[in-house]
Amino acid sequence: VQLQASGGGLVQAGGSLRLSCAASGGTFSDYAMGWFRQAPGKEREFVAAVSWMGTSTYYADSVKGRFTISRDNAKKSVYLQLSSLKLPDTAVYYCAALAVEGYNGNYRTSRYAYWGQGTLVTVSS
């Protein structure tokens, strides 16, 4: 499975952005999907995840109520709508695919099998 993230850019604080991640190869619905991010000088952190059929979503506390994850299995894509952006949201955002064998009951700590190349989101004041 190959993942291609896009949609990053420069946005002012309080603004919005929509990230997309397109998958190719494999069967998209075989994977739960997650978004992670890595800010400069920090470790990669979990942002959000959506279950295999899109019926359940999970968020880090830091983005809950501001970000929305969704997926379209027909288009083999997952999206992350970023709203009310803050300076600390500046990071490279990565999408990742989680197979059932890697799922440990916690989307934050599960072993994701495939990763996209990342897309940079920069929030300015």
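Look up a bit, the structure's there.
The structure displayed is predicted, hence computed values, not measured ones.

**Q** Even after reading the chapter, I still don't get the pairing of strand β7 (residues 67–72), so can you show me in this structure?
**A** Alternating positions in β7 separate cleanly, Phe-67, Ile-69 and Arg-71 being buried on one face and Thr-68, Ser-70 and Asp-72 remaining unburied on the opposite face. Bridge count for β7 against strand β8 (residues 77–82) is six bridges, and the pairing is antiparallel. What sits directly across from Phe-67, in β8, is Leu-82. What sits between the antiparallel neighbours β7 and β8 is a turn of four residues, in which Lys-76 has the positive phi angle 55°.

**Q** Mind showing me how you'd approach the nonpolar core here?
**A** Within soluble globular proteins, side chains that are nonpolar generally end up buried alongside one another. Counting 40 residues, the largest nonpolar core has Met-33, Trp-35, Val-78, Leu-80, Leu-82 and Tyr-93 as its most contacted members. Contributing elements (two or more residues each) for this core: β1 (2–6), β3 (17–24), β4 (31–38), β5 (45–50), β7, β8, β9 (91–99) and β11 (119–124). Among the elements that make up this core, the one with the highest residue count is β9 (seven residues). Beyond its immediate stretch of four places on either side in the chain, Val-78 contacts Leu-19, Ser-20, Cys-21, Phe-28, Met-33, Trp-35, Val-50, Ile-69, Ser-70, Arg-71 and Cys-95.

**Q** What's the story with the side chain of Arg-66 in this structure? I'm lost.
**A** Following the sequence through the fold, Arg-66 ends up in the loop between β6 (57–59) and β7. A polar contact is formed between the side chain of Arg-66 and the side chain of Asp-89, at a distance of 2.7 Å.

**Q** Which parts of the structure should I look at to understand the pattern of salt bridges?
**A** Should the charged atoms of two oppositely charged side chains come close, the side chains can pair. Inspection of the entire model under this criterion finds four salt bridges. Salt-bridge contacts for Asp-89 lead to Arg-37; the nearest nitrogen and oxygen are separated by 2.9 Å. Here Asp-89, found in the loop between β8 and β9, pairs with Arg-37, found in strand β4; they are 52 residues apart in sequence, far enough to count as distant. The shortest N-O distance in the salt bridge between Arg-66 and Asp-89 comes to 2.7 Å. Of the two residues, Arg-66 is situated in the loop between β6 and β7 and Asp-89 in the loop between β8 and β9; the sequence distance between them amounts to 23 residues. Across this residue pair, the class does not change: Arg-66 and Asp-89 are buried. Ionic contacts of the salt-bridge type, sharing partners, join the residues Arg-37, Glu-45, Arg-66 and Asp-89 into one network.

**Q** Help me out: how do you make sense of the pairing of β1 in this one?
**A** Regular strands place their side chains on alternate faces of the sheet. Burial along β1 is one-sided: Leu-3 and Ala-5 are buried, while Gln-2, Gln-4 and Ser-6, pointing the other way, are not. Here five bridges tie β1 to β3, and the two strands are oriented antiparallel to one another. Considered in β3, the bridge of Gln-4 is made with Ala-22.

**Q** Before we go on, may I ask you to explain the state of the cysteines in this structure?
**A** Scanning the entire structure with this criterion turns up one disulfide. Two residues, Cys-21 and Cys-95, share a disulfide whose sulfurs are 2.1 Å apart. The disulfide joining Cys-21 to Cys-95 has a torsion of about 65° about its S-S bond and is therefore right-handed. One end of the pair, Cys-21, is in strand β3; the other, Cys-95, is in strand β9, with 74 residues separating them in the sequence. Using a relative accessible area of 1% as the deciding quantity, one classes Cys-21 as buried.

Criteria and thresholds
Each chain has its residues counted from 1, following the order in which its sequence is written. For this predicted model, a pLDDT threshold of at least 70 governs which residues receive local features, and a threshold of 80 or more governs which side-chain atom pairs are given and counted, while totals over whole chains, interfaces and linings are taken from all residues. Neither water nor hydrogens contribute to the side-chain values; these are computed over all heavy atoms in the structure. Think of it in three bands: with a 1.4 Å probe and only protein chains considered, a residue is buried below 20% of the maximum accessible area for its type, exposed above 50%, and partly exposed in between. Helix and strand definitions follow DSSP, with helices as H or I runs of at least four residues and strands as E runs of at least two, each counted in order from the N terminus. For two strands to pair, DSSP has to find at least two bridges joining them. Note on terminology: a nonpolar core comprises buried Ala, Val, Leu, Ile, Met, Phe, Trp, Tyr and Cys residues joined through side-chain atoms within 4.5 Å. Whether two residues are in contact is decided by their heavy atoms: any pair within 4.5 Å suffices. Whenever two N or O atoms come within 3.5 Å, that pair is a polar contact, provided that in protein one can donate a hydrogen and the other can accept it, and provided that, for residues adjacent in sequence, both atoms are side-chain atoms. Salt bridges are identified by distance alone: a Lys or Arg side-chain nitrogen within 4 Å of an Asp or Glu carboxyl oxygen. Here, a disulfide means two cysteine sulfur atoms that sit within 2.5 Å of each other.

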